[in-house]
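Read off the chains here:
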Amino acid sequence: MKLALLELRRRPWRFAPAVIALVLLTGLLLTLGGLLDGLYNGFTGALRAQPGALLTYASDANLSVIRSRIDAATTAQVERVPGVEQVGGLGTVLLGAKIPGQATEASVALFGYQRAPGGVPAPPDKAGQVYADTSLKAYGVQEGQTLLLGPQRYPVSIVGWVSDTNFLLQGGLWGGLDTWRQVLGSARPDQVLASGTYQVLTVSTTAGADPAWVAGAIDAATGGRTQTVTRSFAVDSLPGITQQRSTFNAIIDTTFFVAALVVALFFVLLTIERVGIYAVFKAVGASSGQLFAQVVLQAVMIAVVSFMVGALLALTVGRLIPPQVPLQFSASRALQVAVGLVVMSTLGSAVSLRRVVRIDPATAIS
Amino acid sequence: MGHHREAALKLENVRKVYRSGDAETVAVDRASLEVGPAEIVALVGPSGSGKTTLLSISGGLLSPSQGRVVVAGDEISGYDPKRLTRFRRESVGFVFQSVNLVPFLTARENLLVVTDFSRRDKKKSKARADQLLTELRLEERADNLPRQLSGGERQRVAVGRAFMNQPDLVLIDEPTSALDTKLGEQVMELIVTEVRARGTAAVIVTHDMRMTHFADRTLAIVDGILGDAATS
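Thresholds applied
Residues numbered from 1 in each chain as written. Chains lettered and ligands numbered in written order. Predicted model: local features only at pLDDT ≥ 70, side-chain atom pairs only at ≥ 80, totals over all residues. Helix = DSSP H or I, 4+ residues; strand = E, 2+ residues; numbered from the N terminus. Rg over C-alpha atoms; globule rule 2.2 N^0.38 Å. Buried ≥ 20, exposed ≤ 12 C-beta atoms within 10 Å, placed from the backbone. Contact = placed C-beta atoms within 7 Å. Pairing = 2+ DSSP bridges. Axes fitted to C-alpha atoms, helices over the stretch in contact; angles between N-to-C directions. Expected span 1.5 Å × (residues − 1). Domains from an automatic or database assignment. Nonpolar A, V, L, I, M, F, W, Y, C, P; charged D, E, K, R; others polar. Core = buried A, V, L, I, M, F, W, Y, C linked by C-beta atoms within 7 Å. Left-handed = near helix turned anticlockwise from the far one by under 90°. Parallel < 35°, antiparallel > 145°, perpendicular 65-115°, else oblique.

> When you look at the overall build of chain A in this model, what are you seeing that I'm missing?
The helix and strand inventory of chain A stands at 11 helices and 9 strands. Taken against the 2.2 N^0.38 rule, which gives 21 Å for 366 residues, the C-alpha radius of gyration of chain A at 28 Å runs more than 25% over that of a compact globule. C-alpha atoms of chain A, sized along the principal axes, occupy 95 × 50 × 30 Å. Out of the 366 residues in chain A, the part that is buried amounts to 42%. Within chain A, counting contacts between residues at least 6 apart in sequence, those at least 24 apart form 83% of the total.

Pasting the structure below:
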């Protein structure tokens, strides 16, 4: 017979205040986590998807894809560095896209690529054809449509879908390098790039090669005209990414702390209220450990139930939020919140331990 | 557990002193007492006389400051809190003054609480609980919560709970204090019947002299000093 579970089942209203608070906190945690994940993925998808361990930028670009330019001669130097297996050119341009039948434009990042990123097929055969990120569906983009890009309304047609490839919260469009060069030249005539010039190189290293060593070797071989970094470093170097994550994580951590406080306060009050009954339990032979285990079990059950209800709440709220808002619910984030909530609830309930231990069984009889 | 030939309870020069700063309060002063294996002893005395303290010491709820406490052959006066907990779980039954049933448990579950903490065989425990409830004429009320029971029924459940662990000694604190004379008599009759039926020893603390005739012997305690009722 589990006393804790029986009490939960027969007196659920008694636990309602804690459950309501934890449901709201769960909803908040999942929504914050979803926004963080949505923002992070929306900012970084294109870079995370790149093949190879390394990305090579022009050294004066300060790890900005937009500002970086790498000419054909430099690319050739990179290709000759020992430990380099494959090199591919990559370029992007950020612009507005006019969607047929839609009043508002969508912001897109058009990429031209040589080596296919993860989840993206090889470049389309024809210039003017692109794959679109599925997030653009929220703007009304459909397969087979022709989007008009930039001030010159350069037409590109959608020939398929890719996912998690956005860049700086702009919907990803993926086409051949010619398409990219033409769109860039149309949108910014002052920035027409010669054939063989890219913005960034994606670099794969040979098996067993140390990427850090290869990166140093590349930059040395180009005479310091390049800055080669790991893909994860490049991702973290995107403007605002680190600050964004640390800010959200601070809010999330604080919310977990509040959850622990709520549980601690609730069970301290409940323990004070139960002093008489606990004294009787101790008098008839219950140990402090057994009683405390009941408290912890109730805290865990409350956390689990609250998480389930809170998850439903977050999903409902998520449906009401416009699709353009970068909110992404994921199983891993949900698991993290669930585990965090259970751990914090357990820690919160532990505050009652001292009170449970101090209950004198003799008070049952006095 | 089980019934022993030796005294169910033996107190030898038991003293309990409470200290608060320099002040010292003697709650029980050199009390000696022997309760036979199937004997019922009534302990009377005014409020604050030390009768509840003596009962608590006898049941391992309090440790004496001095003296020996032996229950069914086991000297418990030197037990640490952990051993005292096990002793209470296995060897003593309590009937509390305010009944103290767990409000969210049914009558049967209130009995099972005792064996639940000792992790005894669940089937056997349930069979024993049902047997006790039948003996206490509560079989129809086994699945009722305390709020669905009358005062007398609640008291009977409390009595049943005291016998769940087949104790050597049952300690009963003011069983009639909240009851009128008629109901008090009924409850005392029930307790005495149950105690005698099992050959268990019992100490009943009461301030109600009308109830002492149910006991084999009545002792009085005044200012912590234990003596025969007639001489106190």
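> Please explain the sheet that holds strand E9 (residues 217-222) of chain B as it appears in this structure.
Residues and elements named next belong to chain B. One open sheet holds the 6 strands; their spatial order is E6-E7-E8-E3-E9-E10, and the pairing between them is mixed. One side of each edge strand has no neighbouring strand; the edge strands of this open sheet are strand E6 (92-95) and strand E10 (225-228). Sheet twist, expressed as the average angle between the axes of neighbouring strands with direction ignored, equals 20°. In terms of strand pairing, strand E3 (residues 40-44) meets E9 through 4 bridges, oriented parallel. The partner of Val41 across the bridge, within E9, is Arg217. Helix H5 (residues 151-163) rests against E6 and strand E7 (169-173) of the sheet, and its axis sits at about 170° to E6.

> I would appreciate a short explanation of the sheet that holds strand E2 (residues 23-35) of chain B in the present structure.
Paired through backbone hydrogen bonds, the strands of a sheet run either parallel or antiparallel to each other. Overall, antiparallel pairing links the 4 strands, which are arranged E2-E1-E4-E5 (chain B) in an open sheet. Looking at which strands have only one partner, the edges of the open sheet turn out to be E2 and strand E5 (74-75) of chain B.

> How do you make sense of helix H10 (residues 331-350) of chain A when you look at a structure like this?
Every α-helical turn comprises 3.6 residues, leaving residues that sit three or four positions apart pointing alike. Residue and element names in this part refer to chain A. The terminal C-alpha atoms of H10, which comprises 20 residues, lie 28 Å apart, in line with the 28 Å expected from a rise of 1.5 Å per residue. Every buried residue belonging to H10 is among Ala334, Val337, Ala338, Gly340, Leu341, Met344, Ser345, Gly348 and Ser349, and all of these are buried. Of the surrounding elements, those touching the buried residues of H10 are helix H2 (16-48), helix H7 (241-273) and helix H9 (288-320).

> Just to check I follow, could you spell out the domain arrangement of chain A for this structure?
It is common to give the size of an interface as the accessible area that goes away when the parts come together. Residue and element names in this part refer to chain A. Once the domains are mapped, chain A shows domain 1 (3-43 + 241-364) and domain 2 (46-236). Taken over C-alpha atoms, the centre of domain 1 sits 44 Å from the centre of domain 2. Contacts between the two partners involve 8 residues from domain 1, matched on the other side by 7 residues from domain 2. Grouping the amino acids of the side of domain 1 that touches domain 2 by side-chain chemistry returns 4 nonpolar, 4 polar and no charged.

> Looking at this structure, how should I read the nonpolar core?
Burial of nonpolar side chains together is a common tendency in soluble globular proteins. Counting 110 residues, the largest nonpolar core has Leu22 of chain A together with Leu43 and Val203 of chain B as its most contacted members. By residue number, the principal contributor to this core is H9 of chain A, which donates 9 residues. Discounting chain neighbours no more than four positions away, the residues touching Leu43 of chain B are Lys51, Leu54, Leu55, Val203, Ile204, Val205, Leu219 and Ile221 of chain B. Counting residues in each nonpolar core, the second largest holds 54 residues, with Leu39, Leu95, Leu149 and Val156 of chain A among its members.

> Please explain the pairing of strand E7 (residues 171-175) of chain A as it appears in this structure.
Regular strands show a simple pattern: their side chains alternate between the two faces of the sheet. Residues and elements named next belong to chain A. Judged by how many residues are buried, E7 sits mostly within the fold: 5 of 5 residues are covered. Burial along E7 is two-sided: Gly171, Leu173 and Gly175 and Gly172 and Trp174, pointing in opposite directions, are all buried. Bridge analysis of strand E3 (residues 106-113) against E7 gives 5 bridges, and the strand direction is parallel. By the bridge assignment, Val108 is partnered in E7 with Gly171. As defined by bridge partners, strand E4 (residues 129-133) adjoins E7 across 2 bridges and the pair is classed as antiparallel. Looking across to E7, one finds that Ala132 is bridged to Leu173.

> Where do I start with the interface of chain A and chain B in this structure?
If you look at the interface, chain A gives 19 residues, while chain B gives 22 residues. Of all elements in the fold, only helix H1 (3-10) and helix H8 (275-283) of chain A reach the threshold of two or more residues within the side of chain A that touches chain B. Here the side of chain A that touches chain B gets 4 residues from one element, more than from any other, and that element is H8 of chain A. Split by residue class, the side of chain A that touches chain B holds 11 nonpolar, 5 polar and 3 charged.

> Help me understand helix H1 (residues 51-58) of chain B, please; the structure alone is not making it clear to me.
Residue and element names in this part refer to chain B. H1 sits mainly inside the fold: 8 of its 8 residues count as buried. All buried positions along H1 are accounted for by Lys51, Thr52, Thr53, Leu54, Leu55, Ser56, Ile57 and Ser58. With its phi angle positive at about 75°, Gly60 sits one or two positions after the end of H1.

> Could you clarify how one ought to interpret the packing of H2 of chain A against H10 of chain A in this entry?
Residue and element names in this part refer to chain A. Running from N to C, H2 and H10 cross one another at 145°; their axes reach a closest spacing of 10 Å. Judged by the twist between their axes, the crossing of H2 over H10 is right-handed. Across the interface between the two elements, Leu22, Thr26, Leu29, Leu30, Gly33, Gly34 and Asp37 of H2 pack against Arg333, Ala334, Val337 and Leu341 of H10. When the residues that make up the contact of H2 with H10 are grouped by side-chain class, the tally is 6 nonpolar, 3 polar and 2 charged.

> Help me understand the packing of H5 of chain B against helix H6 (residues 181-198) of chain B, please; the structure alone is not making it clear to me.
Axis angle and axis distance: for two packed helices, these are the angle between their axes and the distance between the axes, and together they describe the pair. Residue and element names in this part refer to chain B. At a minimum axis separation of 11 Å, H5 and H6 run at an interaxial angle of 20°. In terms of orientation, H5 lies roughly parallel with respect to H6. Note on packing geometry: the crossing formed by H5 with H6 is right-handed. Here Gly151, Gly152, Gln155, Arg156, Val159 and Phe163 of H5 lie close against H6, whose contacting residues are Leu183, Gln186, Val187, Leu190, Ile191, Glu194 and Arg198. Considering only residue class, the contact of H5 with H6 consists of 6 nonpolar, 4 polar and 3 charged.

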